[in-house]
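Here are the chains, one letter per residue:
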Amino acid sequence: MVSLHDLRMEFRAGPDPVTALDGVTADLPAGSFTAVMGPSGSGKSTLLHCAAGLEQPTSGEVVLDGVRLGELDETGLTVLRRERVGFVFQAFNLISSLNAAQNVALPARLAGRRVNEVELAAALTRVGLSDRARHRPVELSGGQQQRVAIARALFTRPAVLFADEPTGALDGPTSRHILALLRELVDEHGQTVVMVTHDPVAAAIADQVMLLADGRLIDRLEAASAATIAARMASVEATC
Ligand SMILES: Nc1ncnc2c1ncn2[C@@H]1O[C@H](COP(=O)(O)OP(=O)(O)OP(=O)(O)O)[C@@H](O)[C@H]1O
C-alpha cells in the first residue's frame, strides 16, 4: 500500500514559486494497479518522485509498504528504494557500465541475495530481450532499456513498482505485451504498480486512474474503459 497524505510540493526556481502538488491525498492499495494521468505540467512526475522517495515533498506524508518516508534519512531511503521499490523510468533507469543481465540482477546482488541465473534469463526472455543480455544500455534502444527495467521488476519483485510512461517508446504490440506483464505483476504476484501515462489505452488496464490538474487530484476513475478515460481527459484538457 502507498498512502499519500496532503502532499504539497513547491519549487522555487524563478522569482515566483511553482506549486507542482497542491494537497494530494490518495490511497493506492497493495496489489493494485494505478494509472496517473493529467495534462502536461499537472504534477504527475513530481507525484511519482515523491511517492517513490526520490524527492522530498515540501509538506505532507508518504507511507510506502508501511514505512513513513519522512522519518527516513538518506541512507534509509536508499535501502528502502533498493529493497522494496522498482523503477521503470526514462532517465536514471540503468547503470551504464553494466550489461542488461547485470542491471536486472543488481538490486538482488546489492541486497546480498543469491542470483538464480535461470530465473534471470527467464525474466529477460519474458520481455523479449534474451539476445540482448550482454548489451550495455548505450547499445540498446530507449524501448529496450525500459524493458530491461521491467525485467528487473519481474526478477526482483519489489513491493511497489513506479513506471513513468513505460510504453511511451514502444510500438503497439510491444506496448501491449509490456502492459500485460505489468498487469501480471499485480494479479499473480500481488505487487503494487503506479504508472504515469498519457495513453488512455494503457491507463485502461489499471484498476484506478488518478487524474491530476494543476497539482490537484481532481478525479478518480475505477475500472474505466479507454473511451471513458479519453473523454474525461479531453474535458480536463479543454478547461486547462
Ligand atoms: N525541479 C523543478 N524546478 C522547478 N519547477 C519544477 C521542477 N520540476 C517540476 N517543476 C514544475 O512543476 C510542475 C509539475 O511538473 P511535473 O514534471 O510533475 O508535471 P507532469 O505532469 O509530469 O508533466 P509532463 O506530462 O509534461 O511530463 C510544472 O509546472 C513544472 O514546470
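Thresholds, definitions, all that
- Residues numbered from 1 in each chain as written.
- Predicted model: local features only at pLDDT ≥ 70, side-chain atom pairs only at ≥ 80, totals over all residues.
- Heavy atoms only, no water.
- Pairing = 2+ DSSP bridges.
- Helix = DSSP H or I, 4+ residues; strand = E, 2+ residues; numbered from the N terminus.
- Near = heavy atom within 4 Å.
- Polar contact = N/O pair within 3.5 Å; in protein donor to acceptor, adjacent residues only side chain to side chain.
- Areas by Shrake-Rupley, 256 points an atom, 1.4 Å probe, with all protein chains shown as cover.
- Phe/Tyr/Trp six-rings, centres within 6.5 Å; stacked < 30°, edge-to-face > 60°.
- Buried < 20%, exposed > 50% of the residue type's maximum accessible area, 1.4 Å probe, protein only.
- Lys, Arg positive; Asp, Glu negative; His and termini not counted.
- Salt bridge = Lys/Arg side-chain N within 4 Å of Asp/Glu carboxyl O.
- Contact = heavy atoms within 4.5 Å.

- As recorded in an unreviewed UniProt entry, the chain goes by ABC transporter ATP-binding protein and comes from Paractinoplanes tereljensis.

**Examining the pairing of strand 4 (residues 59–64)**
- In this structure, strand 1 (residues 2–11) lies alongside strand 4, joined through five bridges in antiparallel fashion. Counted as the bridge partner of Ser-3 is Val-63 from strand 4.
- Direction of pairing for strand 4 relative to strand 5 (residues 67–68): antiparallel, over a ladder of two bridges. When the sheet's bridge partners are listed, Val-63 is paired in strand 5 with Arg-68.
- Linking strand 4 to strand 5, which pair antiparallel, is a turn of two residues; within it Asp-65 sits at a positive phi near 50 degrees.

**Re the site of the ligand**
- Taken together, 13 residues are adjacent to the ligand, and Ser-40, Gly-41, Lys-44, Ser-45 and Thr-46 come closest.
- Within the contact set of the ligand, an oxygen atom lies 3.0 Å away from a backbone nitrogen or oxygen of Gly-43.
- Between an oxygen atom of the ligand and a side-chain N or O atom of Thr-46, the distance comes to 2.6 Å.
- In the complex, 60% of the free accessible area of the ligand, which totals 640 Å², lies under the protein chains.

**Things to note about unusual backbone geometry**
- We note that Asp-6 has phi near 50 degrees; this positive angle belongs to a residue other than glycine.
- With respect to the element layout, Asp-6 can be found in strand 1.

**A few points about the packing of aromatic side chains**
- Taken as a whole and assessed by the stated rule, the structure comprises two aromatic pairs.
- Site record: aromatic cluster; members linked through ring pairs are Phe-87, Phe-89 and Phe-162.

**As for the side chain of Asp-164**
- Relative to the elements of secondary structure, Asp-164 occurs in strand 7 (residues 160–164).
- Of the side chains with opposite charge, Lys-44 lies nearest to the buried Asp-164, which makes no salt bridge, at 7.6 Å.
- Engagement of the side chain of Asp-164 in a polar contact is seen with the side chain of Ser-45, the distance being 3.4 Å.
- Not counting chain neighbours up to four residues away, the residues in contact with Asp-164 comprise Ser-45, Leu-48, Val-88, Phe-89, Gln-90, Gln-146 and Val-196.

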